[in-house]
Amino acid sequence: TTHHHHHHHHHHHTSLHCIIHFLHSSIYCAFLRESTSRVSFSSSTQHTMPHAILVWILLFISIVFTRSSPIRVLPPFKNLQGPPEDFSLHQLPTRLHKGESPFEHASTEHRVIAPQTSRSSWHFLMGALHEWNSIPLPQNSHFYVSILMRYDGDAAHNQTRGVSNDHFPEPLLVRFMGRNLTVNALDVSFQMRQLYSFKYWERNWELKSLGSETPSLMVQGRNVLVVVQDYDPPQDAQPSPTVEIQSTPHDVRGFFVGEEIAMNVRLSIRSQESILQWASRRAKQTDSLPMPHQMAVFQSVHIEVMDVETHKVVHHSKMRDDGNNWDAQPHDGIYGATFKMSRPGTYEVHIRVNGSLYEPHGTSTPLNKRTFFRSSMHVIKILPAQDQIDLEYLASVHQDKANEDFIDFYLPLKTEYTLNVNKKFKAHAQVYGVALDSESSQNASIPVGFMSGMVKGEFCPAITTDMVLKRSRSAGYISNDNRICLKLKLSKKWLSRSQVGTQYFLLKNIFVQDVATSIPLGERAEMRAYALDHIEMGPGSEFTGEITERMQKGPRPAHLQRGRAGGKSVLVVSHGYCADESPFTLSDFSNFIAFRDLNQNRHNDDFALRLYEFVELHPEGPFDRYSFVAHSQGGLASTHLITFYWTGADNHMSPSNASRIVQSVGSPYLGTAVAGYIAAIGRLVGIACGSNFDLTHEGAAMWSSLIPRSTREHIYYTTTTWEGNFSYCSLPLNSVLTFKNDGACENQYGNLEHANPVAQNLPAWCHTRTMNFPSQCTNSQMNYDYNANAAR
């Protein structure tokens, strides 16, 4: 496995570790018994010897298996291809230049989150309690306060819904405007699982701060997360405007060590419109309204960057609106800050805004200042600088040796990356060709199709290296035998379909992604490609009007024959991120196997390969054909598996049918704002699987950029939400998520273009079993439908 895998394995105890732990302790006990029994009864030594040997063998086995197990069976890569009509599906988020507006992919926030133990929250001092912490609250407003804290009761008490006061988790004292709020009568207690595998109490209050003094909430306690949400009471005749901030990194594609990183924050567009409407209702002459950011004024904006691994704050500064921090113009309401990271890893960026709402000018009412607080959080990945890939501007084209109807494109890297031999990447390129009747032999302007998929670095054919050396200036630097290439395949039928020649091509929108994060390691706008063999368009190269499986996925491996007599079919049921059990009501399904890889944080590729291994090595197999029913990230992992790898699922798929290969519920195909908060909340309570970059909006946008239409047509999904007007699935998480949501997945980000919605915003079901409505995985009507319609 690559070092990315190891990185995960250091930190996350697998269920295997528990078994190992048990093994070690029982070995230790057995060993103690051995030594004592030997001392007292030397006559029985001959009986104990084999036992002792067994113990040492067990010890050896347990040491060998303590690391998270490597994947034993690997599926073959597909050679993905598709028509030019689908070029628009495969675009990376655009990279910004200084001064451009960065808010295309911005995350919207409308809340303030104060991790209660501030900078020392990660010490978990089990002894002394912290002093009082003061949380500033908005003036002249109504708000909800949710307090989340860890619950360390014993298992028996965890089971009960209401817990007697003497089992209150930790002393927690809360004061508001000088009066104590009672905490011991906990009205809401539950364990929230699957999305977060920790146990906590939640207590919500509705409070008002009317009057002149600056209100604050005083909290004394340990491992507490406070979420404050201001709101307008329903009967309010003069509702306040929506104040919502938006924040984003200037480049949502991830970063490298030493690169300048800029973060920006502003009022969201929705908020700007709301403020203008509010102002025009209150002002006399609407023609001279100030700008929205002159009425909802950011008084101070702070940014803090924390290393997720060490919990250390590595950068802290003020954000400014002076035009010098990638923030466009001075005084335009966009605030910015820049910083650089010196080591690779995962970082949390916290942004806090303190602001005031001013009356629009020209009214006879005095200035009524109202305060607001907002915060947002991002997860950013920093990759080692040496992971960057520099692509040459020339590629070579060859006849594929094994398949008469394919050509191979070799894309050379510029430097001697012997590191990259056999390293796995995701790569993509669009192909343009020269019209057969074209006068110019190098006017490659006809779009042919795209090529993409998993590739491994390999040494270039010698002839490619010679060509590149002849045509490029880098002759002095690179020895011939060390040149590394990435190889992409294209069916000749695409050339026939577009009526182009075989000797010269132009590649466009070329990018190479890191497998674990989908961050682009290298990209080029254009690359010329010359055929170095004579390429024949033989009889098998003719496009007959039908886009075939070979044209979409490349040559099918020999071991996957279609429909062997007596081949078995099965339904694979999978949980999602960090699950502590299989969430589905399994009795709703027939002829299924349930995947369990509990309490884990895996990127989509790792998750997908474990899913594959589970099916391939299953004792009830071998299975000739299978399809998936999946919850949450399980939907992304099974989509990833059937996209990039040849599996038994391909025996159910053909370009002409839209069989249900992946049926998912609550899957954030385009990411979720919660992905960033998992780490913060988890760190606070000391247990969690950590943040997952594939599930962030930024990570998911890059991951989904390589999922082709031919896969999407086989994906069927359901999104669910709460019931009623003033309801929610999870009150604290609702402040992080955009409407509508199921408490974890924002439904607008659950819609995958060209996939098939079975039901959207289905009411009265939430993401996990501990939210305000029952778990979406226990919806038997949906489960029966999925079971009956799965490809079998």
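Residues numbered from 1 in each chain as written. Predicted model: local features only at pLDDT ≥ 70, side-chain atom pairs only at ≥ 80, totals over all residues. Heavy atoms only, no water.

J.: Which residues make up unusual backbone geometry, and what values go with them?
T.: Of note, the bond from Gly621 into Pro622 is cis; its omega dihedral lies within 30 degrees of zero at 0 degrees. Tracing the chain through its elements places Pro622 in the loop between α10 (604-616) and β30 (623-631). The backbone phi angle of Trp326 is positive, close to 55 degrees, even though this residue is not glycine. By the secondary structure assignment, Trp326 is in the loop between β16 (313-318) and β17 (335-339). The phi dihedral of Asn591 falls on the positive side, at around 45 degrees, and the residue is not glycine. Relative to the elements of secondary structure, Asn591 occurs in the loop between β28 (568-574) and β29 (592-595). (Helix = DSSP H or I, 4+ residues; strand = E, 2+ residues; numbered from the N terminus.)

J.: Describe the pairing of β17, and please don't skip the residues or the numbers.
T.: For β17, the buried fraction is high: 4 of the 5 residues fall into the buried class. Looking at chain direction, strand β14 (residues 261-267) and β17 are connected through 5 bridges and run antiparallel. By the bridge assignment, Ile261 is partnered in β17 with Phe339. (Buried < 20%, exposed > 50% of the residue type's maximum accessible area, 1.4 Å probe, protein only. Pairing = 2+ DSSP bridges.)

J.: Mind laying out the sheet that holds strand β25 (residues 484-491), listing which residues take part and the relevant values?
T.: Read from one edge of the open sheet, 9 strands run β1-β23-β22-β26-β27-β20-β21-β25-β24, paired in mixed fashion. In this open sheet, the two strands that pair with only one neighbour each are β1 (80-82) and β24 (458-459).

J.: How would you explain the packing of aromatic side chains if you had to name every residue and give the values?
T.: Where two aromatic rings form a pair, the distance of their centres and the angle of their planes describe that pair. Under the counting rule described, the total for this entry stands at 11 aromatic pairs. Following the ring pairs from residue to residue traces out a cluster consisting of Phe584, Phe589 and Phe592. Over the ring of Trp646 we find Lys78, and its NZ or CZ is 5.5 Å from the ring centre. When the ring centre of Tyr432 is taken as reference, the NZ or CZ atom of Lys508 above it lies at 4.4 Å. (Phe/Tyr/Trp six-rings, centres within 6.5 Å; stacked < 30°, edge-to-face > 60°. Lys NZ or Arg CZ within 6 Å of the ring centre and 35° of its normal.)

J.: Hey, could you go over the pattern of salt bridges for me, with residue numbers and the actual values?
T.: Going through the model one piece at a time under the given rule, you end up with 18 salt bridges. The closest approach of N and O atoms between Asp605 and Lys424, which form a salt bridge, is 2.8 Å. Taken together, the positions of Asp605 in helix α10 and Lys424 in strand β22 (residues 424-435) put the pair 181 residues apart, joining distant regions of the chain. Judged by relative accessible area, Asp605 falls into the buried class, the value being 2%. Across the pair Asp606 and Arg602 runs a salt bridge whose closest N-O atoms are separated by 3.2 Å. In this pair, the class of Asp606 matches that of Arg602, namely buried. What emerges from the salt-bridge pattern is a single network uniting Asp597, Arg602, Asp606 and Arg610. (Salt bridge = Lys/Arg side-chain N within 4 Å of Asp/Glu carboxyl O.)

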